[in-house]
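A look at the structure
The chain contents come next:
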Amino acid sequence: MDDVRIYNYALSSKQIMNIMAGGEVTDTAVAPVSAARGGPVLSMNFDEGYGTTARDASSQGNSGTLTNMASPATATSGWSNSGKYGKALAFDGTNDYVTKNTYSQSLDITTLSISTWINPSVSPSSGNYGYIFTRGDPTHTSNSDKQYELSMSSSNAIRFRSN
C-alpha cells in the first residue's frame, strides 16, 4: 500500500487524475483552497522505510503506529522499496495494520474522498473482506460502528461503505 490520502470534501475528476499522475490537489477553480477545503486531512506516503511510525504529511497530525509488521521487513510484511511513488508498506493479510490511537476530529467527516495505491498479493478468504482503511469509534468493535471503510473482497472487488 502506498500514498493514502483522505480529503474532507469530494474531489473533482480533474483532481483525481492529478493525484493518479503523482501530483497534488491544485485545481483551485473547482475546489478553492482554504482552511476547510485545501489539502488532505490525512496523507501517509509510507516513505519512511524504517521504524514503527507512519507519518502524516497533512497539517492535521494524524500519524499512525505500525502494528504486527515484520521488523526487519519481509516480502509480505513491513517497509518496502516497491511503492508506487518511493517506498510503501506491505501488509501480510492476516494481522498487519496501521492505527491512530487517539481521536482526531479532522477524520470525523461525512463528505470525503479517499485515495490510495494498493497492489494485493493476498486476498481475503472466501466470503470475507480485508480492510484497507477503516474509521470508527475506537470503543466499539462491530462493523456497524465503523463510520467509513474501504475494503477488498476475496474476489479482489473494492468496496466503500459508510454509516
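Structure's up top.
1. Quick notes on the side chain of Ser77
- Relative to the helices and strands, Ser77 is located in the loop between strand 4 (64-67) and strand 5 (78-80).
- By relative accessible area, Ser77 is classed as buried at 5%.
- One polar contact links the side chain of Ser77 to the main-chain amide nitrogen of Ala70, over a distance of 2.8 Å.
- Aside from chain neighbours lying at most four places away, what touches Ser77 is Asn68, Met69, Ala70, Ala90, Asp92 and Asp96.

2. Concerning the sheet that holds strand 1 (residues 2-7)
- Taken in spatial order, the three strands line up as 2-1-8 in an open sheet, and their pairing is antiparallel. Pairing within the sheet leaves two strands with one partner each, and these edge strands are strand 2 (42-44) and strand 8 (113-117). Neighbouring strand axes in the sheet, compared pairwise and without regard to direction, differ in orientation by 0° on average.
- For strand 1 and strand 8, the ladder comprises four bridges, and the chain directions are antiparallel. Directly across from Tyr7, in strand 8, lies its bridge partner Ser113.

3. Re the layout of surface pockets
- Quantified by volume, the second largest pocket comes out at close to 240 Å³.
- Asp3, Leu11, Ile16, Ile19, Met20, Ser113, Ile114, Ser115, Thr116 and Trp117 together form the lining of the second largest pocket.
- Those elements that provide at least two residues to the lining of the second largest pocket are helix 1 (13-20) and strand 8.
- Counting residues per element, the lining of the second largest pocket draws most heavily on strand 8, at five residues.
- Among the residues forming the lining of the second largest pocket, the class breakdown is six nonpolar, three polar and one charged.

Rules behind the numbers
- Residues numbered from 1 in each chain as written.
- Predicted model: local features only at pLDDT ≥ 70, side-chain atom pairs only at ≥ 80, totals over all residues.
- Heavy atoms only, no water.
- Helix = DSSP H or I, 4+ residues; strand = E, 2+ residues; numbered from the N terminus.
- Buried < 20%, exposed > 50% of the residue type's maximum accessible area, 1.4 Å probe, protein only.
- Polar contact = N/O pair within 3.5 Å; in protein donor to acceptor, adjacent residues only side chain to side chain.
- Contact = heavy atoms within 4.5 Å.
- Pairing = 2+ DSSP bridges.
- Axes fitted to C-alpha atoms, helices over the stretch in contact; angles between N-to-C directions.
- 1 Å grid on protein atoms, 1.4 Å probe; cavity = no way out; pocket = protein on both sides within 12 Å on 5 of 7 lines; lining within 4 Å.
- Points joined across faces, edges and corners; volume = space filled by probe spheres on them.
- Nonpolar A, V, L, I, M, F, W, Y, C, P; charged D, E, K, R; others polar.

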